[in-house]
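# A look at the structure
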Amino acid sequence: MIDYHVHTSLCNHATGTMEQYVRTAVAKGLSGICFLDHLTLQEAGRANAMSPQEVPMYVEAVRRLARQYRGRISIRVGLEVDFSPHHVDRCIEIINTVDLDVVGSSVHFIDGEDVVSRRSAWSRGELSPDAVYTKYLGVLDSMLDYDYFDVVCHLDLPKKFNRRPSPSAAQGFRELLEKIREKNLVVELNTSGFHYPVRETFPSPELLGRCARLRVPVVVGSDAHAPESVGRDFDRARDLLDAAGYRHLTGFSHRQREAVLL
Ligand SMILES: [Zn+2]
Ligand SMILES: [Zn+2]
């Protein structure tokens, strides 16, 4: 398997060197690793992401490692872009200046606040789940109107603190999956959720089953912010993918898709 979501210390909230992440991937027997570090232009999130000026250097550093490890493991590079309608044009400009393998897109910010930060009002239980999910689904829906990315990262992220969607919000996710299929996008199965209060993947096994029925391709990502988290819980991800009926995963090279054996 390939871990399609790994961060680096460039985002200022991850530890270890890039090479340590690669060594963990090799030690765990992964066939590949893809760095997908944050590109966040929203004021509130800039400190937790690399600066736009660092993007070319980041890509070159990963490419150098890829050459160094050729024959041992495949190493790819992408960005996890934080969607914001106010910054999307600038993000596209930045993406177009570099040769990336894959672009993921995420929603972490609602009304300018990182809702999944431990310091957020949502984390402290001060916001109504209905209000948060309605806004989140609205932002996600407008993200899906753009074409700059290949992968939808951690689809149902607001459940992180174990505040689950109401039946109408759950229906909202199902409807968005239809749009994801129409747009021929890939969904990420993100295993980091096992280590948050929600204790399950993003998306949920139920939504993953729907992805499979809609034939939406998937990648698997650990969302590692420390070298030891690379490939974490991929055995559990494999069981979920098996149960959902997936026989292979998707990979990316220079933004072109390729099949990856499960
Ligand atoms: Zn992060
Ligand atoms: Zn994320």
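Parameters and conventions
Residues numbered from 1 in each chain as written. Chains lettered and ligands numbered in written order. Predicted model: local features only at pLDDT ≥ 70, side-chain atom pairs only at ≥ 80, totals over all residues. Heavy atoms only, no water. Pairing = 2+ DSSP bridges. Helix = DSSP H or I, 4+ residues; strand = E, 2+ residues; numbered from the N terminus. Contact = heavy atoms within 4.5 Å. Axes fitted to C-alpha atoms, helices over the stretch in contact; angles between N-to-C directions. Donors = N, O, S within 2.8 Å, 3.2 Å for Na, K, Ca; no water. Buried < 20%, exposed > 50% of the residue type's maximum accessible area, 1.4 Å probe, protein only. Parallel < 35°, antiparallel > 145°, perpendicular 65-115°, else oblique. Left-handed = near helix turned anticlockwise from the far one by under 90°. Nonpolar A, V, L, I, M, F, W, Y, C, P; charged D, E, K, R; others polar. Salt bridge = Lys/Arg side-chain N within 4 Å of Asp/Glu carboxyl O. Phe/Tyr/Trp six-rings, centres within 6.5 Å; stacked < 30°, edge-to-face > 60°.

So, on to the sheet that holds strand E2 (residues 32-39). Strand order in the open sheet made by the 7 strands is E1-E2-E3-E4-E7-E8-E9, with parallel pairing throughout. Here the strands that pair on one side only, and so sit at the sheet edges, are strand E1 (2-6) and strand E9 (218-221). Bridge count between E1 and E2: 3 bridges; the pairing is parallel. Within E2, the residue paired with Val6 across the bridge is Phe35. Relative to strand E3 (residues 74-82), helix H2 (residues 55-68) is tilted by about 160°, and along the sheet it contacts E2 and E3.

This brings us to the coordination of the zinc ion (ligand 2). Looking at the metal site, the zinc ion (ligand 2) is ligated by Glu80 (OE), His108 (NE2) and His154 (NE2), spaced 2.0 to 2.3 Å from it. For the zinc ion (ligand 2), the donor residues sit on a single chain with the sequence spacing E-x27-H-x45-H. Separating the zinc ion (ligand 2) from the zinc ion (ligand 1) is a gap of 5.6 Å. Of the two residues, Glu80 is situated in strand E3 and His108 in the loop between strand E4 (102-106) and strand E5 (109-110); the sequence distance between them amounts to 28 residues. With relative accessibility at 1%, the residue Glu80 sits in the buried group.

Attention now goes to the coordination of the zinc ion (ligand 1). Four donors placed tetrahedrally about a metal ideally form angles of 109.5 degrees, and six donors placed octahedrally ideally form angles of 90 or 180 degrees. Of the protein atoms, only His13 (NE2), His38 (NE2) and His225 (NE2) coordinate the zinc ion (ligand 1), at distances of 2.0 to 2.1 Å. The sequence pattern describing where the donors of the zinc ion (ligand 1) fall on their chain is H-x24-H-x186-H. By relative accessible area, which is 34% here, His13 ends up partly exposed.

Contact geometry of helix H1 (residues 18-27) with H2 gives a least axis separation of 11 Å together with a crossing angle of 40°. The pairing of H1 with H2 is recorded here as oblique in orientation. Once H1 is placed against H2, the crossing between them reads as right-handed. Contact residues: H1 offers Met18, Glu19 and Val22, while H2 offers Tyr58, Ala61, Val62, Leu65 and Gln68. Class assignment for the residues of the contact of H1 with H2 results in 6 nonpolar, 1 polar and 1 charged.

In the structure shown here, the tally under the stated rule is 21 salt bridges. Where Asp111 meets Lys135, a salt bridge forms, and the shortest distance between an N and an O atom there is 2.6 Å. A residue pair is termed long-range when its members are at least 10 positions apart, and Asp111 in the loop between E5 and strand E6 (113-114) and Lys135 in helix H4 (residues 129-143) qualify at 24 residues. Where Arg181 meets Glu178, a salt bridge forms, and the shortest distance between an N and an O atom there is 3.3 Å. Taken as a pair, Arg181 and Glu178 lie in helix H5 (residues 167-182) at a separation of 3 residues, close to a single helical turn. Overall, the relative accessible area of 40% leaves Arg181 in the partly exposed class. In this structure Glu178 comes out as partly exposed when scored by relative accessible area, which is 34%. Each member of the salt-bridge network shares a partner with another, and the members are Asp156, Lys159, Arg164 and Glu200.

Time to look at the pairing of strand E11 (residues 256-261). Judged from the 6 bridges that link them, strand E10 (residues 248-253) and E11 form a sheet pairing that is antiparallel. Residue pairing for E11: Phe252 is matched across the bridge by Arg257. Hairpin connection, E10 to E11: the antiparallel pair is bridged by 2 residues, and His254 has positive phi, about 50°.

Turning to the side chain of Ser84, a few remarks are in order. Tracing the chain through its elements places Ser84 in the loop between E3 and helix H3 (88-96). Owing to a relative accessible area of 6%, Ser84 belongs among the buried residues under this scheme.

This brings us to unusual backbone geometry. Comment: phi is negative for the bulk of residues other than glycine, and the bulk of peptide bonds are trans. Put simply, Phe202 and Pro203 share a cis peptide bond, and its omega is -5°. Of note, Pro203 is situated in the loop between strand E8 (186-190) and helix H6 (205-213). Positive phi is not limited to glycine here, since Asn162 has a value of about 70°. Looking at the secondary structure, you find Asn162 in the loop between strand E7 (151-152) and H5. Judged by its relative accessible area of 38%, Asn162 is partly exposed.

To continue, consider the packing of aromatic side chains. Taken as a whole, this structure holds 8 aromatic pairs when the rule is applied. An angle of 80° between the planes, with centres 6.2 Å apart, marks the rings of Tyr133 and Phe173 as edge-to-face. Taken as a pair, Tyr133 in helix H4 and Phe173 in helix H5 lie far apart in primary sequence, 40 residues in all. The interplanar angle of 50° and the centroid separation of 6.2 Å between the aromatic rings of Tyr136 and Phe173 together place this pair among those described as tilted. One end of the pair, Tyr136, is in helix H4; the other, Phe173, is in helix H5, with 37 residues separating them in the sequence. The exposure class assigned to Phe173 is buried, which follows from its relative accessible area of 1%.

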